[in-house]
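# Notes for the structure review
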Amino acid sequence: MSTTPPAPSDSGTPNNSNPKTTAGTLLPNDTFPFPREFFFPPFFTRQTNLTTHHAQLTKWSSLLLAYCRHHRLFRLSLNPDAIPFHNPRINRRLAPGDIRGVVGFLRKDGRAEYVLPLGQAKKDGTMTTTARGGGGGGGEAGEGGEAFIYWRTPEEWGSLIEAWVEETGQRGSVLTVYELREGEGTRGTEIWGMDGDVLVKALGTVVKRGKAQIFQSGEDSLGVKFF
Amino acid sequence: MPSTAPSTRFPNPTPTLPPNVNLTSPLLTFHLHPHFQLHSIPLPRLTYINKVGLAAFDRSRLTSAQYATHGSALRSSQASALETQLSVFRSLLQQFAATHAKDIKSNPTFRAQFARMCAAIGVDPLLASSGHGDSKGKGDSMWAQLLGRTVNDFYFELAVRVVEVCGETRGENGGLIEVGMVRERVVKGRVEGMGADTINRDDILRAVGTLKPLGSAYSVIKVGSKQYIRSVPKELNTDQSAVLEAAQVLGYVSVSMLMDNLRWTRARAQTALEDLVGEGMLWVDKQGIEWEYWSPGFMLEGDLPLEGFD
């Protein structure tokens, strides 16, 4: 069992020490061990030197992926006034444009997608009926907004789900998305409690490989069958 | 022939041991014939680069005023006694190295003392192993075989690691990284079961020294109170060095800090700062009252403002 960071201090008691794990420093009300660069003021300013900026983007990307993985966040609010884009300890924030810069950097690696609000027109002219992610160029979510942060990509999730289906001998059975997300069968696995949209995307990657089929299963739910 | 007690062999000896060699250290004990107690023999200060063996012993140093007064016969007998002593010493050192090769490789304190000992008698184990010493006597080939290979391999592997660490961090520090930081990262990356206490700063510095033949790309520079490894050809001018040194105090500098403390004009301060930013050696923080230019080393060590003020 891996060691967990110490519990955060109560919001009521002032914390004079800087609780540290071997990996980083804790902020109140957050169990994530923040790396040292998070307390480095220039980390929140877009660096003018190109090489330095690239190093900065790399560090921010790692930070966001680690933060979301730690808290099992599938989508992140791109709010400059909230952690992790804001460090209240040093009173520094990443500007909205720079936040988009980091998300853009992650997108290039397939590790992020903007969350399009419901009802927005997608590139192919159809309307979003669920908050599916926007790919391509027009994927900006406007002020604030949200992005999927893929500490595990939909492809990686797809493989994981496929492996679970194989292990539990459910190839050929029909499963609903609801069952996958909240059923007893997946409890204790990483699949349980997944974000619905990411789950559907993940299943979509398996469909693309010809190893599964998705269909409508009742009014508002989807089903999937693995081959 | 002067009489017996070793301490009277050399009247009023002025040359002394190099100050950083501790021959009585418990880590290095040599059992010599009682008439040849090492601490009573004054070793002249020796230079050792590219000199292996007795050629390193500069006989001219014995011709001090005190020796001259005792005549040439005494001089030559003292010189030959010293030669004998050194030869005994070197061969004992060789035997010692052979039996303790493993310890030399794994214990940095021991290794440092051993290296200083070698330097004191005019032998550089790294040079010896590369075959520079050619006609210096049968002991040298054994030296190179037994010790040189061990020590040489160790520093060669370490140099490779140092180069890797510099490459990994160049993006964020512009090619200037503090020696202690390199040591930490090298130690962290080691998988052979060698802990943090088996490599020290001296080892890092010596490893960088072995990179000299590769050209000026890797060197150790001192800025203020800290030593850095520079892995880019860019050399700092005096203003740039002064800025980096100033940044060591608080972790950052600003234009007004330079103007106030160094009495520079605004233009001069800005030029130096922009130069360093251009080289990737400073990061900029634009969210304070004034732009602050931070040394990237503080991202990895040093006291960051972790106390909140919210």
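Residues numbered from 1 in each chain as written. Chains lettered and ligands numbered in written order. Predicted model: local features only at pLDDT ≥ 70, side-chain atom pairs only at ≥ 80, totals over all residues. Heavy atoms only, no water.

Rule in force here: UniProt positions are given in the numbering used here, feature names are shortened, and annotations may be inferred rather than shown by experiment.
Going by the annotation in an unreviewed UniProt entry, the name recorded for chain B is Vacuolar-sorting protein SNF8, with Neurospora tetrasperma given as the source organism. According to UniProt, the comment filed for chain B under the heading Sequence similarities (unreviewed entry) is "Belongs to the SNF8 family."

Naming follows an unreviewed UniProt entry, where chain A appears as ESCRT-II complex subunit VPS25 of Neurospora tetrasperma. Recorded in UniProt under Sequence similarities (unreviewed entry), the annotation for chain A is "Belongs to the VPS25 family."

## With respect to the pattern of salt bridges
Any two side chains of opposite charge can pair, on the condition that their charged atoms come close. All names here are of chain A. Our working definition: A carboxyl oxygen of Asp or Glu within 4 Å of a side-chain nitrogen of Lys or Arg is what we treat as a salt bridge. Helix and strand assignments come from DSSP, with helices taken as H or I runs of at least 4 residues and strands as E runs of at least 2, each series counted from the N terminus. Burial classes follow relative accessibility: with a 1.4 Å probe on protein chains only, a residue under 20% of its type's maximum area counts as buried, one over 50% as exposed, and anything between as partly exposed.
Taken as a whole and judged by the stated rule, the model has 20 salt bridges over all chains. Here Asp195 and Arg75 are joined by a salt bridge, their closest N and O atoms 3.1 Å apart. With Asp195 in the loop between helix H4 (177–182) and helix H5 (196–208) and Arg75 in strand E1 (residues 75–77), the pair connects residues that are 120 residues apart, well separated along the chain. Classification of Arg75 by relative accessible area gives partly exposed; the value is 23%. Sharing partners across several salt bridges, the network here consists of Glu162, Glu166, Arg171, Arg209 and Lys211.

## Re the pairing of strand E6 (residues 146–149) of chain A
Test applied: Pairs of strands are assigned from DSSP output, requiring at least two bridges between the strands.
Here E1(A) pairs with E6(A) via three bridges, running antiparallel. Looking at the pairing, Leu76(A) lines up with Ala147(A) of E6(A).

## Observations regarding the sheet that holds strand E3 (residues 226–230) of chain B
All names here are of chain B. Note the following rule: Only the stretch in contact is used when fitting a helix axis, every axis being a line fitted to C-alpha atoms; angles between N-to-C directions are given from 0 to 180 degrees.
Taken together, the three strands give an open sheet; going across it, the order is E1-E3-E2, and neighbouring strands pair in antiparallel fashion. One side of each edge strand has no neighbouring strand; the edge strands of this open sheet are strand E1 (176–178) and strand E2 (219–223). With direction set aside, neighbouring strand axes in the sheet form an average angle of 40°. Relative to E3, E2 runs antiparallel, the two sharing five bridges. Bridge pairing in E3 links Val220 to Ile229.

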